[in-house]
Amino acid sequence: MTVVVSVNCKPFERREGGIPLKARERLRISVPWDFPLERPTVNFTHDRYGAFSHVQWGSSICVHQAPDVEWQATRGMFGFMQRLGEWLRAGAAGELDPVGMPLHPPVAYPVANFRVVPTQNAPEPTETYWSGYVEITREASHAAELGRWIEKSEEVPDIRLASVILLPTTMPFEYPTTVWDLIVALMERGVSLTMIRLLMTIGVLRTGEGKCAIFVLGAAMRGVSGGRLLQHLACWRMDVAQTDKLRAAAIARTDDNPIDEQVFYAWAFEAKVEWCRVLEDRPEIVERRDSVSPAAYWRGKSVTLMGCGAIGSAVAMILAKAGVAKLRLYDNNVVTPGVLVRQGFDRRQIAYTKSSATKVNVEVAVPGINVIEAHANVAQALTDEVKRAEIFDADVVIDATASASVAASMELHFRRHPIPHPPVVTMVLGHNADRGLVTLTTEASVGATQDVDRRTKLALPRTTGGAAFLEEFWPVDPSRRAIFQPEPGCSSPTFRGSYADVLALSALMTNVAARWLGADQDMHRALAVDASCNQGRRPEVELAFAPYFVLRDAIHAYQVRFSHEAMTSVLAWTRRSERTQADRTETGGVLFGQVDEFLKVVWVDEASGPPPDSDASPDAFVCGTAGVAALHREKIDRSRGSTTFVGMWHTHPKALPNPSRTDLGAMQMLLSDKDTFQGRSFLMLILGGTSKRPILSAGLFERGDYAQD
């Protein structure tokens, strides 16, 4: 149904630049047969306002800029007329493009089923115009992608090009539909006919036989109202027959026979403009859809990804789409048929190395990304100075190998080379891919993956909801320890889970890592997440760890890492002694942690005060043993073997923390006792000075130090 209505426009305020509406305007409303599922359209009954934005084809009113979102079928004709009234009021006041809102771009009605994709920001036109070329970087039957811009004064490369004219002014809101009208519009804006013809001729000469020539026109009509105007790009193409004809004429031209001009003008006077749809990809025009996502952190970063299997193949694609500038891939396995159900590969990639297959997938998704792949054992690569430097030549290192050897190799490197290094993110999945664990060690941390895993293991029993994750990643239940071999007898143990499981957890862990890295805090971090959706489960546990207090063992050069809790406990017991005992009375207690002879690291996780049978005086502190065995057993059980008795601490009030003969004798007796304590080494911590100004020393004593001939 079509109806004509007369609208009283007298109440609408008129402002400069607005549509000069008459006192009454006649409007033609067309109501489709499936209204209100389909919205009505409306036209002026004349074309006087065709030069204004939001008026197309001379009379059609753009009542809705985004009909799919703005049209509400439930409001019916009442809602439509209300919106039309708002449009007329805004049009009269010149507020159809209000300050701060996107400008409505001009219209070049596409007639060709062909798309053009500009990818680089357009040059700034001069006072007259900018002319030159743009490189066609990729082309298919349905689309062409544009790369760098080349000014006409530059040397024109012998590559596929599109001719370009960019204007510092505007064009008509509706672009011409014939070539000659388009040429006239350009001439009216200062572009000479000769320049137009020469640019188009060079364009066809840089177009291969059997292909369409492409032309680009820009006008200062894109951006936000009230802001800087950018180039609105429109593209059209010349059909294959005419392109070949004009190219042949240009090649055949002589001074006596300017046949190319004759062919050009004959075509221009008769041809219609074959406008193409432009799909914008210029950074100055398009705001990335992930701009407020945690994934925005990865944009422009260089990342080393170790492991291209279940997690790695998913993370690589996530990072590529997030805009990483450089991606270095490491893996030492090949794609097998069994992994296709949950890894980002297809059957055509069976027997490819996983690193090379991942590189192919990433480059297909994001052409131009800098991807380097290596089919290599990461643990071994970390022992090679040159390869190790390549691995850490990144803004972030992600370990998706789930390999204890890789973790140990990295830990050893950080221990031997205590210099700033990139943040290291690790990701691992549980037995059924319904739980994941992601950790972060920062640039200045003294430990790496193995260290933060250990701290996570110790923290989970004390965290609400942590018990389930502890049993997942450090199980004691024999059924949880049973390995899954998809090909019994000849395949590596792995986890059970689908592509959906892997992708969901990998994406979540990558976003969590981005959030941590973007926070720029010098903290070890861990997140255990549950994606099983089972009732009663806490979905995640997030942990943050303060930096260690680090001492160097003066005897064997071990690195002694005191947790914040352990050091706080030692200082608290020292303050208590200072308050309740004479100033010079010594105190002490027991240290619990772990000694790693391979890494030459001592972790001190917890410290107790003096056992009740201890003897404290100004001359010495003799640590008792009452209750120590029970403490020792409780910590072994709670930490699942990671925290045991490692030594003792005591004070030298208002003195230097140098071990006395009594201290050395006590360590010799401790190490000689083969019945009570079975350790190969024990730590002695001495706190000199006061609790407010402590002076600390640590020494690790080994049984071999007291070996008898």
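Above this note sits the structure.
It should be emphasised that the depicted structure is a prediction, and the values quoted were computed from it without experimental measurement.

## Looking at the packing of aromatic side chains
Here's step 1: Scanning all chains against the criterion turns up 17 aromatic pairs.
Here's step 2: Between Tyr49 and Phe52 the ring centres are 6.5 Å apart and the planes differ by 80 degrees, which places this aromatic pair in the edge-to-face class.
Here's step 3: On the basis of relative accessible area, Tyr49 is assigned to the buried category, the value being 2%.
Here's step 4: On the basis of relative accessibility, which here comes to 25%, the residue Phe52 falls in the partly exposed class.
Here's step 5: Aromatic pair Phe592 and Phe645: ring centres 6.5 Å apart, planes at 75 degrees, arrangement edge-to-face. Taken together, the positions of Phe592 in strand S23 (residues 588-596) and Phe645 in strand S27 (residues 644-653) put the pair 53 residues apart, joining distant regions of the chain.

## What about the pattern of salt bridges?
When charged atoms on two side chains of opposite charge get close, those side chains can pair.
Here's step 1: Applying the stated criterion across every chain, the model contains 33 salt bridges.
Here's step 2: Among the salt bridges present, the one from Glu13 reaches Arg15, with a minimum N-O distance of 3.2 Å.
Here's step 3: For Arg15, the salt bridge identified is with Glu95, shortest N-O distance 2.6 Å. Placement of the pair is Arg15 in the loop between strand S1 (2-8) and strand S2 (24-30) and Glu95 in the loop between helix H2 (76-92) and strand S6 (115-118), with a sequence separation of 80 residues.
Here's step 4: Through salt bridges that share partners, Arg197, Arg253, Asp260 and Glu261 make up one connected network.

## Regarding a negative patch on the surface
Here's step 1: Taken together, the side chains of Asp384, Glu385, Glu390, Asp393 and Asp395 present a region of like negative charge at the surface.
Here's step 2: Mapped onto the elements, Glu390 comes out in helix H10 (residues 385-391).

## With respect to unusual backbone geometry
Here's step 1: A cis geometry characterises the amide bond from Phe35 onward to Pro36, with omega recorded as 10 degrees.
Here's step 2: As for its placement among the helices and strands, Pro36 is situated in the loop between S2 and strand S3 (41-44).
Here's step 3: In the Ramachandran plot, Ala402 falls in the positive-phi region, its phi being about 55 degrees despite a non-glycine side chain.
Here's step 4: Among the structural elements, Ala402 can be located in the loop between strand S16 (396-399) and helix H11 (404-416).

## Some points on the sheet that holds strand S20 (residues 540-545)
Here's step 1: The strand order across the open sheet formed by 8 strands is S15-S14-S13-S16-S17-S18-S19-S20, and the pairing between neighbours is mixed. A strand with exactly one partner marks an edge of an open sheet, and here the two such strands are strand S15 (370-375) and S20. Between one strand axis and the next, the sheet turns by 15 degrees as a mean value, whatever way the strands run.
Here's step 2: Summarising the sheet, strand S18 (residues 435-441) and strand S19 (residues 524-530) pair through 6 bridges and their orientation is antiparallel. In the strand pairing of S19, Leu437 is matched with Ala528.
Here's step 3: On the sheet, helix H13 (residues 466-473) packs against strand S17 (424-429), S18, S19 and S20 and is oriented at approximately 90 degrees with respect to S18.

## Here's the deal with the nonpolar core
Here's step 1: If you look at the biggest cluster of nonpolar residues, it comprises 39 residues, and the most contacted ones within it are Trp298, Ile398 and Val425.
Here's step 2: Those elements that provide at least two residues to this core are strand S13 (302-306), helix H7 (310-322), strand S14 (326-331), S16, S17, S18, helix H15 (499-519) and S19.
Here's step 3: Element by element, the count of residues in this core is highest for H15, at 8 residues.
Here's step 4: Ignoring sequence-local partners within four residues, the contact set of Ile398 consists of Trp298, Val303, Thr304, Leu305, Met306, Val315, Leu319, Val425 and Met427.

Conventions used here
- Residues numbered from 1 in each chain as written.
- Predicted model: local features only at pLDDT ≥ 70, side-chain atom pairs only at ≥ 80, totals over all residues.
- Heavy atoms only, no water.
- Phe/Tyr/Trp six-rings, centres within 6.5 Å; stacked < 30°, edge-to-face > 60°.
- Buried < 20%, exposed > 50% of the residue type's maximum accessible area, 1.4 Å probe, protein only.
- Helix = DSSP H or I, 4+ residues; strand = E, 2+ residues; numbered from the N terminus.
- Salt bridge = Lys/Arg side-chain N within 4 Å of Asp/Glu carboxyl O.
- Patch = residues over 30% accessible without salt bridge, like charges linked within 9 Å, V, L, I, M, F, W, Y side chains within 5 Å.
- Areas by Shrake-Rupley, 256 points an atom, 1.4 Å probe, with all protein chains shown as cover.
- Lys, Arg positive; Asp, Glu negative; His and termini not counted.
- Charge placed at Lys NZ, Arg CZ, Asp CG, Glu CD.
- Pairing = 2+ DSSP bridges.
- Axes fitted to C-alpha atoms, helices over the stretch in contact; angles between N-to-C directions.
- Contact = heavy atoms within 4.5 Å.
- Core = buried A, V, L, I, M, F, W, Y, C linked by side-chain atoms within 4.5 Å.

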